[in-house]
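Chains, contacts and geometry: an overview
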Amino acid sequence: MTDVLAPRDADDVLDAVAESLATGRPVDVVAAGSKRNFGRPCETACELDVSALSGIDLYEPDELVVGMGAATPLVALEAALEAERQMLSFEPPDLGPVLGAPAGQSTVGGVLACNLSGPRRIMAGAARDHFLGFNAVSGRGEAFKSGGRVVKNVTGFDLSKLIAGSFGTLAVLTHVVLRVLPSPEDERTVLIAGLADAQAVSAMSAAMNGPYDVSGAAHLPAPVASASANEAVSGLGASTTAIRIEGPAPSVEARTRAVSALVSEFGPTHVLDRAQSGSLWREVRDVSYFAADGRQVWRISVAPAAGAGVGGQIAAATNGTVFYDWAGGLVWLAIPALDDAGHETIRGAIRDIGGHATLVRADPEVRAAVSVFQPQPAPLAALAARIKDSFDPRHVLNPGRMAQV
Amino acid sequence: MRMPKPDASVVGRRDAIVGQLREIVATEGVIVDEDEMRAYECDGLTAYRQLPFIVVLPETTEQVSRILKLCHAEGVKVVPRGAGTSLSGGALPLADAITLGLAKFNRILDVDLDNRCVVAQPGVTNLGITDAVKSQGFYYAPDPSSQIACTIGGNVAENSGGVHCLKYGLTTNNLLGLEMVLITGEVIRIGGKHLDSEGYDLLGLVTGSEGLLGVVTEVTVRILPRPEMARALLAGFPSSEAAGACVAQVIGAGIIPAGMEMMDRPAIHAAEDFVHAGYPLDADALLIVELDGPEAEVAHLVDRVTGIARESGAGELRVSADDEERERFWAGRKAAFPAVGRISPDYYCMDGTIPRRRLAEVLRRMAEMSRRHGLRVANVFHAGDGNLHPLILYDANRPGELESAETFGAEILKLCVEVGGVLTGEHGVGVEKRDLMGVMFTEDDLNHQQRVKCAFDAESLLNPGKVYPILRRCAELGRLHVRAGQVRFPDIPRF
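Just so we're clear, the structure is a prediction, and the values are computed from it rather than from any experiment.

So, about the overall build of chain A. Assigned secondary structure in chain A consists of 14 helices and 18 strands. Against the 2.2 N^0.38 benchmark of 22 Å for 405 residues, chain A shows a C-alpha radius of gyration of 21 Å, consistent with a compact globule. Each of the three principal axes of chain A carries a C-alpha extent, and together these read 65 × 50 × 35 Å. Within chain A, the proportion of its 405 residues that are buried is 65%. For chain A, the computed accessible surface area is about 12800 Å², with 52% contributed by carbon and sulfur atoms. Of the side chains in chain A, 32 bear a positive and 44 a negative charge, and the two mean positions are spaced by 4 Å.

Below you can see the structure in the form of C-alpha cells.
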C-alpha cells in the first residue's frame, strides 16, 4: 500500500524528510503526478505529495520576476502572466498526454525538476536559464536556499542550475523564483513543403544563421505532418519544415518576407498566420504526434547539423518515426515497443558524435531494466554520485529515479 | 583579509615540487624567480597582493592533468588563473599554492557555423572568439568591459556578463560544453555542441564557481548572427527616479533592449570631462538605451522608446544617426571607470544587484553613507537588470581611507541584500566579498554549497580561501544529524 505524506507548508516538508531519514523509508516526491512516469520508477512505496505548496506570492511584471510555491500549477502561472502580456520564454511543454496523464496538470516545480523546454529553447534558453532562485529541503532534512530574485547574480555556486533537471533526487523544492519575459506582439511561421530530412536541416540552418531571430525551427517528415491537427500543415500532403518568427508586428512582417525569400530555394513556401502558427508550435512542443499511441518514445539531443543523419539512421534501424525540433538538434523518436527499448541501437548512433538519448515513454519494467538517462563515463558518473550523496546521503529522495543500469 | 595559513610542510618541499613540475612542463613553463613571479602577485583587485609559491604555465590538457594529480598526491594548493582581470581577487595567489596560468591555451580549435558554435581553449580572449567569426557575420554575445584582455576560461569561472546580457544572457546562458580537469587529474567532458545535459547540470554548476571545482581546458560557446543594425538613445533626466521610471515603462511595454545603462550626476560629469561624449551636464541621471535587430524592428522600437522617455520627463533626448554616433554615446559609459580614476587618486568598484524599483531608495541611502564616511561615490548601473556599480572615491595615501572605503562598500552590499538583491552581480565573490556571504546566506545555505565543493575537491586544494568564509573539513560537513528520538511527526497530514 502506498503511504502518502501531504505537507501543508515548507516546515511540514522539513518534518517529512526528517521522518523519512529517521524511519529509513524513502519518498517519491510528487505534486500533480503528471510526470510520475518520466524517469526510472522510484523504489519506494511512500509518496511525499507537495501539492499544497502552491500559489504565486511575488509578481512584479516590470521587474520580469515571479515567485511562487513550487507546486503552483503551470496553467495558473501562465494565466497570471498572460494577463500582463508576459510568458515563460522557455516555452515549457506539457508532456502529460505523452506520459499517459491528462493535459494541463503540470506544476512549475515539475517542469523545473525535469528542466523541460520547448521549441523556443534555441533562442531563449532552457528552463534552467530562467530559474533565478529557490528554497528547498535537501535529503539531509535541512532547509536551504540559493540564488535570489534578480537575474544578475554570481553570489556562490549556482545551485538553481544543479537542481533544474535533477528529477527531485537532490532536494524537495518548496518555493521557486523565475524570470519572465514579455510575450511577443505577433508571430508567423514560414512553411516549406516536401523537403527530405537533410535538406530540411540545411534550410533551418540557413534561417538560423541569418539575422532573423528565429524562435522555432522544426521539421515534420510526411507521416508526422499528416498527423497534424492543423489543416494548413496536414493538407500539404508532404513533409513540412516550419520556421517561426516572433516580435513586434512590423518586424515580424519584414522578417517573414526575408525568411520566405531566403528558404524559397529549398522548396515551395507558405506562411501560417498567428493562430495557425500558435497551434502548430503547441503540437511540436507537446510532442502531440506521439501522444495517442502505444509506442516507446525517445528524446535525443545532438548537434543540430547531425540531427537528420542520426534521425534517419535510427528510424531505419528501429522501424521508428521521427520528427525534429531545435533546428535539427532535438530528435523525437517513436518505436514499436521492445523489451530493451532499442537502447543499444539508439545510443550507438550518437556515441561518436556526442549528445544524449532519454527514454521518455516505456512500461515501468522496461524503464527499470534500461538506463532511462544517457549513461555517463565513469569519472562523471562517480562525480554525479558524490553530488547526490552530498545532498541526500541516505538516498531518501526519489530513490533510483536517475539511476544508471 | 585572513587567508588560509600556509602549509609549512609544503613550503619546505618547494625545490622537490619544482623538480617534479619540470618533469611535466618544459623548464620555462615553471616560474620560480621572484621578479618574474611579481607579474602574478595580484589580479584586477590590486589592493590585495601575494607572491605565488610557484607559477606553472602548461600547454596541454595532459599536462594540466598531471600537474593536478601531482598536487593532489602532494597536498599542494592550486590557484587557477586566466588573464588575471578578476575584480574580486579570484586569482589572488597564496603563499603555498601553485598559480596555474592558462595563458598558453590560446587557440581557437573549431569554428562550426552549421552548429553555430566555437570550440576554444580557455586562454583565448573573450573578444578573440568574436574576432574568429566576425567575417562570417557572427559574434559571441557576452561582452564584459575587460573583453580585450579577459579570457573565455575566466569568463566561465566568473560567469561574466556585460552590457548586452539583459537581452543575450550571461556566460552561463551562452555556454554549450566544457572539458575540465578535476583535482584528481581525471579529465571530464560536459555538454558539447548539443543542448542540455544528460544528467545533473554540471555545466551550469561549474559556470561561476570561481576556480573552486576544477580547471577548464576547453570551452564550447554558442555564437549568434550579428544583428542587422543597432541604434542607441541618449536621454537626460532631472532625477534618478524619473530615469528609473522610464526603465520600468520600457520593460513594462514589452521591450527588452540590447542594453540599458544609467549613470548618475558625478559619473556623467567625470565621463564627459574625460571623453567629451556630449552628455547633458544639467541632468541628474543619464540613460543609454541600445536597440538592435532587423531594421524594421529597430526603427519601430526607437520610436516607442523615444515616446516613453519623453513621457517620463527626459530633457535632452538624442537618437544615434549612425554607428559612429552610437559608439560616441557609449564611449563615456565604457570609459566611466578610468574617467572616475582621473578625478580621484583611487576608486573602489562595487557590484551589487537590486530589484530595480528600489533604485531611488538605494541611491538616497548611499548618498547618506557617502556623507557619513566623507567619501564621494559615483554610480554606473546596468539599469535593465538592476546591477549597480557604485565607484567609491578615496585616496590610499591618506591613512584610514582604504579601510573607510571598504567599510562603505560593505555597507552598500549589505543594503543591496536588505532590499532583496545580492552581493555580486557579475564580478564574483572572490576574496573581496567572502566574509559578507553570511549576510545573504544562512549556515545551512552555505553548507549545502560547500558540500558540492567537497564532492569535487575533498581536500579543498583548488582556490581555497575564495568565496566561502569558513573552510570546514568535508568529513565534518558531511555528518548527518538524524532526529532519531522522533521517528514520526504526527502533525503532517497523511493518507
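Don't stop here, the text continues.
With that settled, consider helix α9 (residues 249–263) of chain A. For the α-helix, the turn length of 3.6 residues means that residues three or four positions removed from each other point alike. Counted at 1.5 Å a residue, the expected span for α9 of chain A with its 15 residues is 21 Å, and the 21 Å between its end C-alpha atoms agrees. Residues of α9 of chain A that are buried: Ser-251, Val-252, Arg-255, Thr-256, Val-259, Ser-260 and Val-263 of chain A. Buried residues in α9 of chain A, looked at end-on, bunch into an arc of 155°, giving them a common side. Turned more than 90 degrees off the buried face of α9 of chain A, the exposed positions are Glu-253, Arg-257 and Ala-261 of chain A. Where α9 of chain A is buried, its residues touch β11 (186–193), α6 (197–208), β13 (240–247) and β14 (269–272) of chain A together with α11 (295–311) of chain B.

Using the criterion set out here, one finds 10 aromatic pairs over all chains in the structure. Ring geometry for Phe-157 of chain A versus Tyr-468 of chain B: centroids 5.3 Å apart, planes at 65°, classification edge-to-face. In this pair, Phe-157 of chain A sits in the loop between β8 (143–147) and α5 (159–163) while Tyr-468 of chain B sits in the loop between α17 (443–456) and α18 (474–478), so the two residues belong to two different chains. Just as Phe-157 of chain A is buried, Tyr-468 of chain B falls in that class too. In this structure, Arg-121 of chain A is placed above the aromatic ring of Trp-326 of chain A, and the distance from its NZ or CZ to the ring centre is 5.9 Å. We note Arg-244 of chain A situated over the ring of Trp-281 of chain A; from NZ or CZ to the ring centre the distance is 5.0 Å.

Residues and elements named next belong to chain A. Among the structural elements, Gly-118 can be located in the loop between α3 (108–113) and α4 (121–124). Considering only alpha carbons, one finds Gly-118 and Gln-199, 81 residues apart in sequence, at a separation of 23 Å. Apart from the residues lying within four places of it in its own chain, the contact partners of Gly-118 are Phe-90, Glu-91, Pro-93, Arg-285, Asp-325 and Trp-326.

Residue and element names in this part refer to chain A. Helix length check: helix α10 (residues 274–286) (13 residues) gives 18 Å between terminal C-alpha atoms against 18 Å at 1.5 Å per residue, within 8%. Looking only at α10, the buried set comprises Ser-277, Gly-278, Leu-280, Trp-281, Glu-283, Val-284, Arg-285 and Asp-286. In this structure, the buried side of α10 is in contact with β11, β12 (214–220), α8 (231–234), β13, β14 and β16 (321–325). For α10, the side-chain oxygen to backbone nitrogen distance between the N-cap and Ala-275 is 3.2 Å, and the N-cap itself is Asp-273. Val-287 sits one or two positions beyond α10 and adopts a positive phi of about 55°.

This paragraph deals with the nonpolar core. Core analysis: the biggest nonpolar cluster contains 184 residues, and Leu-162 and Ile-387 of chain A together with Leu-202, Leu-205, Phe-237 and Phe-456 of chain B have the highest contact counts within it. Broken down by element, this core gets its largest block of residues, eight residues, from helix α15 (residues 401–418) of chain B. In contact with Phe-456 of chain B, not counting residues within four places along its chain, are Leu-383 and Ile-387 of chain A together with Met-180, Leu-182, Ile-183, Leu-202, Leu-205, Val-206 and Leu-213 of chain B. In terms of nonpolar packing, the next biggest core, distinct from the first, is built from 26 residues, Val-18, Val-56, Phe-105 and Leu-462 of chain B among them.

The next subject is the domain arrangement of chain A. Residues and elements named next belong to chain A. According to the domain assignment, chain A consists of domain 1 (1–183), domain 2 (186–286) and domain 3 (288–378). Placing a centre on the C-alpha atoms of domain 1 and another on those of domain 2 gives a separation of 32 Å. In this assembly, 11 residues from domain 1 lie in contact with 12 residues from domain 2. The contact between domain 1 and domain 2 buries some 860 Å² in all, and 58% of this surface belongs to carbon and sulfur atoms. It is Pro-119, Ile-122 and Met-123 in domain 1 that bury the most area against domain 2; as a group they hold 50% of the surface buried on that side. Linking Glu-246 and Arg-120 is a salt bridge whose minimum nitrogen-to-oxygen distance equals 2.9 Å. Scanning the region where domain 1 abuts domain 2 turns up three residue pairs in polar contact (both at pLDDT 80 or more). Grouping the amino acids of the side of domain 1 that touches domain 2 by side-chain chemistry returns seven nonpolar, one polar and three charged.

Time to look at the interface of chain B and chain A. Counting residues at the interface gives 99 residues for chain B, matched by 97 residues for chain A. Interface area for chain B against chain A, summed over the two sides, is near 8100 Å², with a carbon-plus-sulfur share of 58%. Per-residue buried area on chain B facing chain A is highest for Glu-198, Tyr-200 and His-448 of chain B; these three make up 10% of the total on that side. Inspection of the chain B/chain A interface yields 12 salt bridges. The partner of Arg-357 of chain B in a salt bridge is Glu-60 of chain A, with the nearest N and O atoms 3.6 Å apart.

Calculation notes
Residues numbered from 1 in each chain as written. Chains lettered and ligands numbered in written order. Predicted model: local features only at pLDDT ≥ 70, side-chain atom pairs only at ≥ 80, totals over all residues. Heavy atoms only, no water. Helix = DSSP H or I, 4+ residues; strand = E, 2+ residues; numbered from the N terminus. Rg over C-alpha atoms; globule rule 2.2 N^0.38 Å. Buried < 20%, exposed > 50% of the residue type's maximum accessible area, 1.4 Å probe, protein only. Areas by Shrake-Rupley, 256 points an atom, 1.4 Å probe, with all protein chains shown as cover. Lys, Arg positive; Asp, Glu negative; His and termini not counted. Charge placed at Lys NZ, Arg CZ, Asp CG, Glu CD. Expected span 1.5 Å × (residues − 1). Arc of directions from axis to C-beta. Contact = heavy atoms within 4.5 Å. Phe/Tyr/Trp six-rings, centres within 6.5 Å; stacked < 30°, edge-to-face > 60°. Lys NZ or Arg CZ within 6 Å of the ring centre and 35° of its normal. Polar contact = N/O pair within 3.5 Å; in protein donor to acceptor, adjacent residues only side chain to side chain. Core = buried A, V, L, I, M, F, W, Y, C linked by side-chain atoms within 4.5 Å. Domains from an automatic or database assignment. Buried area = accessible area lost by both parts, 1.4 Å probe. Salt bridge = Lys/Arg side-chain N within 4 Å of Asp/Glu carboxyl O. Nonpolar A, V, L, I, M, F, W, Y, C, P; charged D, E, K, R; others polar.

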